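This is what each chain is made of:
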Amino acid sequence: MRQRIGIVAVIVSSLLATSASLAFTGASASESREGLTRAMPGAWLPLEGGLVVGEREGTPLSAKYEIDDGAFQLSVYTSKNGSPSGEAFMEVIVDYSAGVVLKAIPITDDSDLTAARAQKKAMDSASRTLAQVTADVVKANAGYRAVSATPHLENGRPVAEVTLVRGDDWKVVSEPLD
């Protein structure tokens, strides 16, 4: 009997630790999507407009509406030549209600830098801007809004993945950048 109580105690402790860990690390993917679905109607600026605003800080590499540390924001990754070390990658936070840059932060996290470099490689071989492609995808999908746009290379060709939302309906559209 004591052994059974001990096992139950271990299971309960594990469940509590897991719940606390999930709460500490943030929302799950479905909770994040639900939060974005609720927040998107309050964003005056379309994602493709945020990409254009981000150009003030360099060449836009990707953009997304996100909930970061509980705050809804529009984030644009950019690259800019001419820094002392050559290429500078920035995360530009755009005010989605006024269409202005709030702040530009150098990207220093290794995984974020890896993503920015891969996005830059895709955009270096693109003949259309990410803003143009995103606008085209939104136009072709009436009633949807872009939530994110991310380029990558697919069989050596630059392609943008644009995530769209209309109410609770989400979809991802791939569009060539060349």
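For the structure, check the block above.
Residues numbered from 1 in each chain as written. Predicted model: local features only at pLDDT ≥ 70, side-chain atom pairs only at ≥ 80, totals over all residues. Heavy atoms only, no water.

1. Considerations on the packing of helix H3 (residues 47-54) against helix H5 (residues 130-140)
Phase 1: Interhelical geometry of H3 versus H5 gives an angle of 170° and a closest axis separation of 8 Å. In this view, H3 runs roughly antiparallel relative to H5, as classed from their interaxial angle. Two secondary-structure elements touch here, H3 through Leu47, Glu48, Leu51 and Val52 and H5 through Leu130, Ala131, Thr134, Ala135 and Val138.
Phase 2: A per-class count over the contact of H3 with H5 returns seven nonpolar, one polar and one charged. (Axes fitted to C-alpha atoms, helices over the stretch in contact; angles between N-to-C directions. Helix = DSSP H or I, 4+ residues; strand = E, 2+ residues; numbered from the N terminus. Parallel < 35°, antiparallel > 145°, perpendicular 65-115°, else oblique. Contact = heavy atoms within 4.5 Å. Nonpolar A, V, L, I, M, F, W, Y, C, P; charged D, E, K, R; others polar.)

2. Focus on a negative patch on the surface
Phase 1: A cluster of like negative charges, contributed by Glu31, Glu34, Asp168 and Asp169, occupies part of the molecular surface.
Phase 2: Here Asp169 shows up in strand E7 (residues 169-176).
Phase 3: Using a relative accessible area of 36% as the deciding quantity, one classes Asp169 as partly exposed. (Patch = residues over 30% accessible without salt bridge, like charges linked within 9 Å, V, L, I, M, F, W, Y side chains within 5 Å. Areas by Shrake-Rupley, 256 points an atom, 1.4 Å probe, with all protein chains shown as cover. Salt bridge = Lys/Arg side-chain N within 4 Å of Asp/Glu carboxyl O. Lys, Arg positive; Asp, Glu negative; His and termini not counted. Charge placed at Lys NZ, Arg CZ, Asp CG, Glu CD. Buried < 20%, exposed > 50% of the residue type's maximum accessible area, 1.4 Å probe, protein only.)

3. Things to note about the packing of aromatic side chains
Phase 1: Taken as a whole, this structure holds three aromatic pairs when the rule is applied.
Phase 2: Taking the centre distance of 5.3 Å and the plane angle of 10° together, the rings of Tyr65 and Phe72 count as stacked.
Phase 3: Classification of Tyr65 as buried rests on a relative accessible area of 2%.
Phase 4: Pairwise contacts between aromatic rings join Tyr65, Phe72 and Tyr96 into one cluster.
Phase 5: Directly above the ring of Tyr144 sits Lys171, whose terminal nitrogen or CZ lies 4.4 Å from the centroid. (Phe/Tyr/Trp six-rings, centres within 6.5 Å; stacked < 30°, edge-to-face > 60°. Lys NZ or Arg CZ within 6 Å of the ring centre and 35° of its normal.)

4. Regarding the pattern of salt bridges
Phase 1: Scanning all chains against the criterion turns up six salt bridges.
Phase 2: Of the charged contacts in the structure, one is a salt bridge between Asp124 and Lys120, with a shortest N-O distance of 2.8 Å. Of the two residues, Asp124 and Lys120 are both situated in helix H4 (residues 110-124); the distance of four residues between them amounts to about one turn of the helix.
Phase 3: Given a relative accessible area of 16%, Lys120 falls into the buried group.
Phase 4: Salt-bridge contacts for Arg157 lead to Asp178; the nearest nitrogen and oxygen are separated by 2.7 Å. Remark: Asp178 occurs in the segment after E7 and Arg157 occurs in strand E6 (residues 157-166); sequence separation between them is 21 residues.
Phase 5: Looking at Arg157, the relative accessible area reads 43%, which means it is partly exposed.
Phase 6: Assessed through its relative accessible area of 39%, Asp178 is described here as partly exposed.
Phase 7: Linked through salt bridges whose partners overlap, the residues forming this network are Glu87, Lys120 and Asp124.

5. Some remarks on the nonpolar core
Phase 1: By size, the foremost hydrophobic cluster in this structure holds 39 residues, and its most contacted members are Tyr65 and Leu164.
Phase 2: In terms of residue count, H5 provides more of this core than any other element does, five residues in total. (Core = buried A, V, L, I, M, F, W, Y, C linked by side-chain atoms within 4.5 Å.)

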